[in-house]
Amino acid sequence: MARASYPAYYTFWHILGEYALKLSAWLVLFFLILPILVIIPLSFNAEPFFSFTQGMLQLDPEAYSLRWYQGIVENDNWLLAIKNSFFIGIFATLIATTLGTLAAIGLSSDDMPFKRAIMALLLSPMIVPLIIIAAGMFFFYTKFSLAGSYLGLIIAHAALGVPFVIITVTATLSNFNRSLYYAGLSLGASPIRTFFDVVVPLIRPGVISGAMFAFVTSFDEVVVVLFLAGPGQRTIPRQMFSGLREQINPTILAVATLLILVSVLFLLALELLRRRSEKMRGLDDTTR
Amino acid sequence: MNTPGTFNDASDHYLQFKAVQKSYDQVTLVVKDFNLDVSQGEFLTLLGPSGSGKTTVLMMMAGFESVTSGDILLDKHPITRTAPYRRNIGMVFQNYALFPHMSIAENLAYPLKVRKKPKAEIESQVARFLALIELEAFGNRTPGQLSGGQRQRVALARALIFNPSLVLMDEPLGALDKKLREQMQLEILRLHKKLGFTVIYVTHDQTEALTMSDRIAVFNDGVVQQCASPDVLYEQPSNAFVADFIGENNFLPGVVEHVSDDIADIKVSTGEVIRATRVDCGDSGSDKVTVAIRPEKLFILPTDHEYDSAITVKLTDRLYVGDFLRYFFELPDGTEIVVKYLNDHAAPRIAVGDEVQLVFRARDSFAFSPM
Ligand SMILES: Nc1ncnc2c1ncn2[C@@H]1O[C@H](COP(=O)(O)OP(=O)(O)O)[C@@H](O)[C@H]1O
Ligand SMILES: [Mg+2]
């Protein structure tokens, strides 16, 4: 029955190869997803353990609880970390999105000299090992008393987010029809007005997905935070890191579960955006 | 309104190009010496082969490219000192360039909105122009929901709605199929007649240029080769390029024997001496020239048509094209000559290999210096 779906020329070895391929694909998926999925039930553990208790395995309601979630809310360290993560993430995203969008527009112009060199430089935070960037930033920022301050962390995270914005906006701009900009000018709108009325609405999907990447980058960044943050600037990843070492209890699993939830929401939002921009692009094609 | 040729002499210097040059790389000149004088309300077409610099000239007018040297005057004022968005020049792009995120009505309203016109005026103007292009029911659609021809009409209306001093169109019909293109040509002419705007129209399609324009500027090699009404361009080309580019032409190489006023006696490769109108050829003996004669101005002897010269040729092929016939002849030196006849009783019956005499009038043949 199943054989019928194979091409007629398939030998035993072809079919074996096909099964091997499917098996390895499933294995990869399994090893990628399982460690993440297993966290979710464990975060509802009623006991302070990182493993499934007998009760949990028997699906005993008594073995599950929300105590670790409650632990987050009652712990000032965690609350501060959550607040810091959002505060730093949001401001870093605003800066990265503005600068990255402007940079992408400048770099997409034909007259821009040293395009490749500048592009490589701006994208380097994505490629250079984070630990090197963090160490460099530490020494540099200390000179300006930026180490141990919110401003320092925001600037550092903005620099890490810029490459994502540049990449997504550049991709959107490559679909942008330059004569639309000229059309705006010819109709009497100033370059700035044309930018906001014509360019921005059309590249918005790229800007927003770049912003999301920038935010996520800041949100789960720990290396730079370890170097630059003072005790007042602990973020969620930093708090989880110390939580692992100091107070071994499933609170960090509860936090991780919440983070997974946030990530899934972000992925869904990105997917919606992608569909919208695809629709928009289809529209743009017809105007070419 | 404007019969061809009206604008020839009595130009009011509305738009003037004075020795305009353009170089993109500071080394080669794309536009070498561009001079043109356009009247208000005129429909002028810039016709030239691809890559001849037509778009470059429009871009300089619109202000999207700088002028390397020379002046462009609009109503006696140099426009080169005005920012593109203050020039009040409407532009129709080949790819329409409609804003995809705005509805048709919003697209039309945009130039009025940036000019801060009152809301009521904007609404009535948009309604008027939607009616003008017969798309009243489409105001709320987006450009993506329209067909190519409809989009082109919206682009046209958007370039006209703010009453521009000048409208530039860069191959606006290039993306449409033949039938739609012919419809749109009439549509553009209708609007031009009704609203009386000044147009600089760019195309590489000579049929389009010949049917639409008051005057055509044939553009090649960075300079205007000739600027004249379609009939003058066709019947009195001023150099070999124009003679070749506009319509179909035969070219006979020869040398000048003798000139008198505007007639040149030219010895062709068969040894015969023919008489042709002298245009831009030299006047001393033995100057090399090329004589252009249109296929429909050549007749096969015997004929009732009057003539001044004859050349002896051999028939190599005959093509049946329905309503007319094409005869292909060859000179001893290999030069090919095409003759066009209406497919009626007068069409001569000759066989391949026959030697015949082709005759023509001096006023239908033009002696140019070779290209
Ligand atoms: N932005 C530009 N930079 C450099 N060269 C250009 C640019 N635009 C056009 N050219 C060159 O100028 C010449 C004329 O181009 P264009 O004005 O587009 O001709 P047309 O519109 O008649 O086809 C071409 O050789 C083209 O390669
Ligand atoms: Mg062009």
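Residues numbered from 1 in each chain as written. Chains lettered and ligands numbered in written order. Predicted model: local features only at pLDDT ≥ 70, side-chain atom pairs only at ≥ 80, totals over all residues. Heavy atoms only, no water.

A separate point is the overall build of chain A. For chain A, the helix and strand inventory stands at twelve helices and zero strands. In chain A, the succession of helices and strands from N to C terminus is α-α-α-α-α-α-α-α-α-α-α-α. Expected size for 288 residues packed as a compact globule is a radius of gyration near 19 Å; at 24 Å, chain A overshoots this value by more than 25%. Viewed in the frame of its principal axes, chain A has a C-alpha envelope of about 75 × 70 × 35 Å. Each of the 288 residues in chain A was classed as buried or not, and the buried ones make up 40%. Taking all contacts inside chain A whose residues are at least 6 apart in sequence as the whole, residues at least 24 apart take part in 68%. (Helix = DSSP H or I, 4+ residues; strand = E, 2+ residues; numbered from the N terminus. Rg over C-alpha atoms; globule rule 2.2 N^0.38 Å. Buried < 20%, exposed > 50% of the residue type's maximum accessible area, 1.4 Å probe, protein only. Contact = heavy atoms within 4.5 Å.)

All right, on to the domain arrangement of chain B then. All names here are of chain B. By domain assignment, chain B separates into domain 1 (15-241) and domain 2 (249-368). One C-alpha centre belongs to domain 1, the other to domain 2; they are set 40 Å apart. On the domain 2 side, the residues contacting the eight residues of domain 1 number eight residues. Regarding the contact of domain 1 and domain 2, the summed buried area is about 630 Å², with carbon and sulfur atoms giving 59% of it. Put simply, domain 1 and domain 2 have two residue pairs in polar contact (both at pLDDT 80 or more) between them. Take the side of domain 1 that touches domain 2: its biggest share by element is three residues, from helix α7 (residues 230-235). For the side of domain 1 that touches domain 2, the class distribution of residues is four nonpolar, three polar and one charged. (Domains from an automatic or database assignment. Buried area = accessible area lost by both parts, 1.4 Å probe. Polar contact = N/O pair within 3.5 Å; in protein donor to acceptor, adjacent residues only side chain to side chain. Nonpolar A, V, L, I, M, F, W, Y, C, P; charged D, E, K, R; others polar.)

What follows deals with the sheet that holds strand β17 (residues 324-330) of chain B. All names here are of chain B. Spatially, five strands are ordered β15-β19-β16-β17-β18 in an open sheet, and the strand pairing comes out antiparallel. Both outer strands of the open sheet, β15 (299-300) and β18 (336-342), are each paired with one neighbouring strand and no more. Inspection of the sheet shows strand β16 (residues 309-320) paired to β17 by six bridges, in the antiparallel sense. Across the sheet, the residue bridging to tyrosine 320 is leucine 325, located in β17. (Pairing = 2+ DSSP bridges.)

With that settled, consider the interface of chain A and chain B. Taken together, the contacts link 24 residues of chain A with 25 residues of chain B. Interface area, chain A with chain B, both sides summed: about 2200 Å², of which 69% is carbon and sulfur. Summed over the shared surface of chain A and chain B, the result is zero salt bridges. Joining chain A to chain B, the criterion identifies four residue pairs in polar contact (both at pLDDT 80 or more). Counting only elements with at least two residues in the side of chain A that touches chain B, the list comes to α8 (178-186), α9 (191-219) and α12 (251-287) of chain A. Across the side of chain A that touches chain B, the residue classes break down as eleven nonpolar, nine polar and four charged. (Salt bridge = Lys/Arg side-chain N within 4 Å of Asp/Glu carboxyl O.)

On to helix α5 (residues 178-195) of chain B, then. Note on helix geometry: an α-helix contains 3.6 residues per turn, so any two residues three or four positions apart are oriented the same way. Residues and elements named next belong to chain B. For α5, which comprises 18 residues, the first-to-last C-alpha distance of 26 Å matches the rise-based estimate of 26 Å (1.5 Å per residue) to within 8%. All buried positions along α5 are accounted for by Met184, Gln185, Glu187, Ile188, Leu191 and His192. Count one or two residues on from α5 and you reach glycine 196, which has phi positive near 70°. (Expected span 1.5 Å × (residues − 1).)

Okay, a nonpolar patch on the surface next. All names here are of chain A. Among the surface-exposed residues, Val128, Ile131, Ile132, Phe138, Phe139, Leu226, Phe227 and Phe241 lie close enough to one another that they form a single nonpolar patch of about 700 Å² accessible area. Taken together, the elements giving at least two residues each to the nonpolar patch come down to α6 (130-143) and α10 (223-228). A total of four residues in the nonpolar patch trace back to one element, the largest contributor, which is α6. Residue classification places phenylalanine 241 among the partly exposed positions, given a relative accessible area of 37%. (Patch = residues over 30% accessible without salt bridge, like charges linked within 9 Å, V, L, I, M, F, W, Y side chains within 5 Å. Areas by Shrake-Rupley, 256 points an atom, 1.4 Å probe, with all protein chains shown as cover.)

Quick look at the layout of surface pockets now. Residue and element names in this part refer to chain A. Of the voids in this model, the largest pocket is the one considered here, and its volume is about 460 Å³. Among the elements of the structure, α4 (76-107), α7 (150-174), α8 and α9 are those that each provide at least two residues to the lining of the largest pocket. The element best represented in the lining of the largest pocket is α8, accounting for four residues. Residues that form the lining of the largest pocket fall into these classes: ten nonpolar, five polar and one charged. (1 Å grid on protein atoms, 1.4 Å probe; cavity = no way out; pocket = protein on both sides within 12 Å on 5 of 7 lines; lining within 4 Å. Points joined across faces, edges and corners; volume = space filled by probe spheres on them.)

We now examine helix α3 (residues 119-132) of chain B. Residue and element names in this part refer to chain B. Across its 14 residues, α3 extends 20 Å between first and last C-alpha, which sits within 8% of the 20 Å expected from 1.5 Å per residue. Regarding α3, the residues found buried are Ile122, Gln125, Val126, Phe129, Leu130 and Leu132. Down the axis of α3, the buried set is contained in an arc of 155°. They therefore lie on one face. Exposed residues lying more than 90 degrees from the buried face of α3 are Ala120 and Glu123. Buried-residue contacts for α3 involve α2 (104-114), α4 (148-160) and α5. Looking at the residues trailing α3, positive phi occurs at glutamate 134, about 55°. (Arc of directions from axis to C-beta.)

All names here are of chain B. Summed over all chains, the structure comprises ten salt bridges over all chains. Close ionic contact of lysine 32 with aspartate 221 constitutes a salt bridge, the shortest N to O distance being 3.1 Å. With lysine 32 in strand β2 (residues 31-38) and aspartate 221 in the loop between β9 (215-220) and β10 (223-228), the pair connects residues that are 189 residues apart, well separated along the chain. Residue classification places lysine 32 among the partly exposed positions, given a relative accessible area of 33%. We note a salt bridge from lysine 178 to glutamate 182, for which the minimum N-O separation is 3.1 Å. Placement of both lysine 178 and glutamate 182 in helix α5 is noted, with a separation of four residues, approximately one turn of the helix.

Residue and element names in this part refer to chain B. Taken together, Tyr24, Val30, Pro49, Ser50, Gly51, Ser52, Gly53, Lys54, Thr55, Thr56 and Glu65 make up the full set of residues adjacent to ligand 1. Take serine 52: an N or O atom from its main chain is 3.2 Å from an oxygen atom of ligand 1. Separating an oxygen atom of ligand 1 from a side-chain N or O atom of threonine 56 is a distance of 2.5 Å. Protein chains shield 55% of the accessible area of ligand 1, which is 560 Å² for the free molecule. (Near = heavy atom within 4 Å.)

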